[in-house]
Every structure is written in structure tokens, then in C-alpha cells.
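Descriptive analysis of the structure
As a plain string of letters, each chain reads:
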Amino acid sequence: MTSPQTVTLLGATGSIGQTATALLLQHRARFQVAAVVGSKNAQRLAQHAIELNAKVAVVADEAAYTELKDCLSGTGIKAGAGEAAVLQAASIPADIIVSAIVGAAGLKPTLKALEQGTRVALANKESLVCAGNLLLETARKHGTEILPVDSEHNAIFQIFTEPQRAALEYITLTASGGPFREYTLEALHTVTPEQATNHPIWAMGQKISVDSATLMNKGLEVIEACYLFALHEDKVHVLVHPQSVIHGLAHYADGSVLAQLGMPDMTIPLSYALGYPERLANTAKRLDLSAVGQLNFRQVDDGLFPCLSLARQAYRTGGIAPIVLNAANEIAVQAFLDKKIAFLSIAKIIAVTLETIPPCGVYSVEDVFQADAAARRVATEKLKQE
Ligand SMILES: NC(=O)c1ccc[n+]([C@@H]2O[C@H](COP(=O)([O-])OP(=O)(O)OC[C@H]3O[C@@H](n4cnc5c(N)ncnc54)[C@H](OP(=O)(O)O)[C@@H]3O)[C@@H](O)[C@H]2O)c1
């Protein structure tokens, strides 16, 4: 038997983190866990650390340190807290790191892992949106790679290989359409955070659930796909597919269309990313097409869901624009979850922040964080006008 692979889990307490934990537990002999990282939920993090027999557990929020230390007392697992400890955990030599922190907060630790030559199983799409070139260059420089966990990108990764590039006409990412896919503009005026986070298909964290409801999630994914597969933005199509059974399609010059299908369960793409190039067995429900019966597809209604177009526009503008888009979205989504703004104001805040901040180039990681901070300031200011 080959020796176990070492894995670190960033965002271990979240939706992806919990799915990854279950998978790692199922494959105990294959993986050993170096570190688990979360933010505030010390109890859950400690529980995962103990179950996974991790060496280190770190909370980003220093206020959660005492609780984490108490929960880990007598286990021999080292507790840490704060941003420096998170970066240290990401730097521990490992074969794979699962990058599943939510938002731009995932960027620095993901970059740290790549700098160590660690393969990244990437769920944290926001880091690619903010610093796609930087992450890809770092991976190249340190002889490692980024494997997509996002189900659509994982699908494309499974059906598109480099030798086929010349014959690739375009790819399609599917979108469930979110909880409001059948809503009118009038109905969207009054939707609540509870409705927005009640996704019809996927059980996910709060931020991505709202992103899914506005279709910003698909916008971020278009940008993510451009980086991951070195494609021009107009080669990344989106189709609403309410059943979420087909996750991605590759359209080739001979008229062939390859698709990856599976139940909407993140266990499946996580299995592929963790096991690559092998396939890991898992307990995800198996797809029964006769039970699904119908697969439907339609175009996105840009009038109702402008966030997808805003993301495309930001990517085309380039430079800091995707960073500004992402930061303004994070601020607006949190304000919506806190019931400070209406659902339809999310897109407005993003659009006005993009209009306010003049575009400029990104030449270093510092430029990324400066643009992120500036956009957060502007977006927070714009919230007051809503
Ligand atoms: N959920 C899905 O099905 C899905 C699918 C595709 C892609 N993704 C992507 O995966 C990422 C995670 O999504 P999720 O749904 O799992 O989110 P989630 O359930 O909200 O979990 C977020 C995780 O990030 C941690 N975290 C938050 N801020 C942090 C910080 N500053 N430093 C360190 N850790 C921090 C949280 O810790 P605490 O719990 O302690 O606060 C938690 O472990 C997102 O980028 C999302 O877009 C998710």
C-alpha cells in the first residue's frame, strides 16, 4: 500500500469543509490530516480535528482561541488563532490543501499553500476572481496545480483535456437558477434572506446561497473558468438547468458535446479533486436518470438577474475590476443577510461601486488587497444611500 497523503482543510467547519471531512473519514487509510482551519466555530473545528486526528487546529478569530484550546485539551492537537496562525497552517508541508474558506479571506492562505508547492483543491472561487493570474503563476512557479472543486469546473476538468484545446468551441456552465428562478421583478422586491438562503437544490453556506440567488455565483464562476481553463470570456456560456444533473458541457468542433453528470452533491467533485488522478468511491446518492425524467435548459434572464452581466463586464474591463466586483458583492450580500438592504439593492451596490472606482492594473498582491479595501469602503458608503 502507498503511504497516506497529507491533507490540510481550510474552512473545515463550513458546508464544503464538512463534506470534505466526511470524505476524509471514509478514506482514513489514504489520507492523514495536517491541519484544520476555521474562523469562529471553535467547537465544530475541535470536533473535526479530533475525528480526523489532525495535528493542528486554527481559528482565524482570536476571540475563539480559548474555547478551541479548552475543547482540544488532552488530545495532543495543537491549537492556534489569528491570521498569522492560519497562514502558518497553510504553509505546513502537505500533498493537498482543500481551500474552502468563504470570500477573499481565502486568498492569502491559498497563495501560501501554492508557495509550498502544495496541490490546491479549490472551492474558494473568490480567490481566483481576485487574483487569478497571481495564483496560476505561483502554482506554475512552484510546480504544482489547482484542481477545481466547484461542481461546474470540476465537470469541465473531467471532460476537457489540453490536447483537445484547438477543437474546443466553447464550454457551458450550468446554473440551477437559484430559489428565485421563477420569480417576477415585482416579487424579487420583497424577498427575504431566509428565502434567499433556502436553495432548492444545493445545501451551502449563507454567502454562496445568496450569490446563487442573485446569479453572482455564476458570474464569479465564469471568471473562475476563464482562469482555470485559459478561455476567453465569450467561450464560457451559461445555461439555467433547474435539475442540476448536468454540471458542465464541452462543445467541440466536430459537433460532439461532452457532459459530466451526477447528483447535485459536493461529495462528488470533492472526491475527484482529492483522489485525482484516481476516482475515490463515496456514498453520494447515485444518479437515476429514469427517476429524474426530464432535463430542462433555458437562458438566464439578464433583466431579472443583472449580476452575471456585471461579472462578465468586470472581467472584460480587467485590472482591479473583478476585485472590486467581488468586494462590493461581499459587502452587499452581508448587508442583505443583516436585513439592511433589499435583495435588488445587491446588484445596484455592485454596479455603483464599479462605476465609482476607476479601473487600474494589478501588478502585485498588495495591489489586490488595496483594491479590495477601497471597494469595501466605497460599497459600505453606498449602502447608506439604499
Ligand atoms: N457550499 C458549496 O456547496 C460550495 C460549492 C462550490 C463552491 N463553494 C465555495 O466554497 C467556499 C466555502 O463555501 P461554504 O458554502 O462551505 O461556506 P460556509 O459554509 O459559510 O463556510 C465558510 C468557512 O470559512 C471559514 N471562514 C470564514 N472566514 C474565515 C477567515 N477569515 N479565515 C479562516 N476561515 C474563515 C468558516 O469558519 P467558521 O464556520 O468558524 O465561521 C467556515 O469554515 C466559498 O468560496 C464558496 O463559494 C461552495
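No experiment lies behind these values; they were computed from the predicted model shown. (Residues numbered from 1 in each chain as written. Predicted model: local features only at pLDDT ≥ 70, side-chain atom pairs only at ≥ 80, totals over all residues. Heavy atoms only, no water.)

What about the site of the ligand?
In the vicinity of the ligand there are 24 residues, among which Thr13, Lys40, Asn41, Glu126 and Gly205 approach most closely. A distance of 3.1 Å separates an oxygen atom of the ligand from a polar backbone atom of Gly14. Here Val102 contributes a backbone N or O atom positioned 3.4 Å from an oxygen atom of the ligand. Taken by itself the ligand offers 910 Å² of open surface, and the protein chains cover 85% of this. Only α1 (15-26) and α6 (125-141) provide two or more residues apiece to the shell around the ligand. Per-domain counts for the shell around the ligand show at least three residues from each of domain 1 (5-148) and domain 2 (153-317). (Near = heavy atom within 4 Å. Polar contact = N/O pair within 3.5 Å; in protein donor to acceptor, adjacent residues only side chain to side chain. Areas by Shrake-Rupley, 256 points an atom, 1.4 Å probe, with all protein chains shown as cover. Helix = DSSP H or I, 4+ residues; strand = E, 2+ residues; numbered from the N terminus. Domains from an automatic or database assignment.)

Comments concerning the domain arrangement of the chain
The domain architecture assigned to the chain consists of domain 1 (5-148) and domain 2 (153-317). The partner domain 2 presents 29 residues to the 27 residues of domain 1 that form the contact. Taken together, both faces of the contact between domain 1 and domain 2 bury some 2,400 Å²; the carbon and sulfur share is 70%. Sorting the residues of domain 1 by area buried against domain 2 places Leu23, Lys125 and Pro148 first, and these three jointly supply 27% of that buried surface. Connecting domain 1 to domain 2 are three salt bridges. Note that Arg30 and Glu278 form a salt bridge whose closest N and O atoms lie 2.9 Å from each other. Scanning the region where domain 1 abuts domain 2 turns up nine residue pairs in polar contact (both at pLDDT 80 or more). Partitioning the side of domain 1 that touches domain 2 into residue classes produces 16 nonpolar, seven polar and four charged. (Contact = heavy atoms within 4.5 Å. Buried area = accessible area lost by both parts, 1.4 Å probe. Salt bridge = Lys/Arg side-chain N within 4 Å of Asp/Glu carboxyl O. Nonpolar A, V, L, I, M, F, W, Y, C, P; charged D, E, K, R; others polar.)

Side note on the layout of surface pockets
What the second largest pocket holds in volume is close to 460 Å³. Looking at the second largest pocket, it is lined by 20 residues, and the ones nearest its centre are Ile146, Phe157, Glu162, Leu228 and Phe229. Within the residue set of the lining of the second largest pocket, elements represented by two or more residues are α6, β7 (146-148), α7 (151-159) and α11 (216-228). Of the residues that constitute the lining of the second largest pocket, the class distribution is 13 nonpolar, three polar and four charged. (1 Å grid on protein atoms, 1.4 Å probe; cavity = no way out; pocket = protein on both sides within 12 Å on 5 of 7 lines; lining within 4 Å. Points joined across faces, edges and corners; volume = space filled by probe spheres on them.)

Observations concerning the packing of helix α14 (residues 307-317) against helix α15 (residues 321-337)
α15 packs onto α14 with a crossing angle of 150° between their chain directions and a minimal axis gap of 7 Å. When the axis of α14 is compared with that of α15, the two are roughly antiparallel. Here α14 contributes Leu310, Ala311, Ala314, Tyr315 and Thr317 to the contact with α15, which in turn contributes Ala321, Pro322 and Leu325. For the contact of α14 with α15, the per-class residue count stands at seven nonpolar, one polar and no charged. (Axes fitted to C-alpha atoms, helices over the stretch in contact; angles between N-to-C directions. Parallel < 35°, antiparallel > 145°, perpendicular 65-115°, else oblique.)

Some points on the packing of aromatic side chains
This structure, assessed with the given rule, holds eight aromatic pairs. Look at Phe160 and Phe229: their rings are 6.5 Å apart centre to centre, the planes differ by 75°, and that puts the pair in the edge-to-face class. Remark: Phe229 occurs in the loop between α11 and β9 (236-240) and Phe160 occurs in the loop between α7 and β8 (168-175); sequence separation between them is 69 residues. The same class applies to Phe160 as to Phe229, namely buried. Taking the centre distance of 5.1 Å and the plane angle of 85° together, the rings of Phe180 and Phe343 count as edge-to-face. Within this pair, whereas Phe180 is found in the loop between β8 and α8 (185-188), its partner Phe343 is found in the loop between α15 and α16 (345-356), the two being separated by 163 residues in sequence. (Phe/Tyr/Trp six-rings, centres within 6.5 Å; stacked < 30°, edge-to-face > 60°. Buried < 20%, exposed > 50% of the residue type's maximum accessible area, 1.4 Å probe, protein only.)

Brief notes about the pairing of strand β2 (residues 31-38)
For β2, a buried count of seven out of eight residues is recorded, marking the element as mostly surrounded by other parts of the structure. Note that strand β1 (residues 5-10) and β2 share six bridges and pair parallel. Counterpart to Val7 in the pairing with β2 is Val33. Bridge analysis of β2 against strand β3 (residues 56-59) gives four bridges, and the strand direction is parallel. Bridge assignment links Gly38 to a residue of β3, and that residue is Val59. As a crossover connection, the stretch from β2 through helix α2 (residues 42-52) into β3 is right-handed. (Pairing = 2+ DSSP bridges. Right-handed = clockwise from strand over helix to strand, strands pointing away.)

What about the sheet that holds β8?
One open sheet holds the four strands; their spatial order is β9-β8-β10-β11, and the pairing between them is mixed. Two strands bound the open sheet, and with one partner strand each, they are β9 and β11 (257-261). Ignoring which end each strand starts from, the neighbouring axes of this sheet average 20° apart. Summarising the sheet, β8 and β9 pair through five bridges and their orientation is parallel. Its bridge partner lying in β9, Thr172 is registered against His237. Where α11 meets the sheet, it contacts β8 and β9, and its direction lies at approximately 150° from that of β8.

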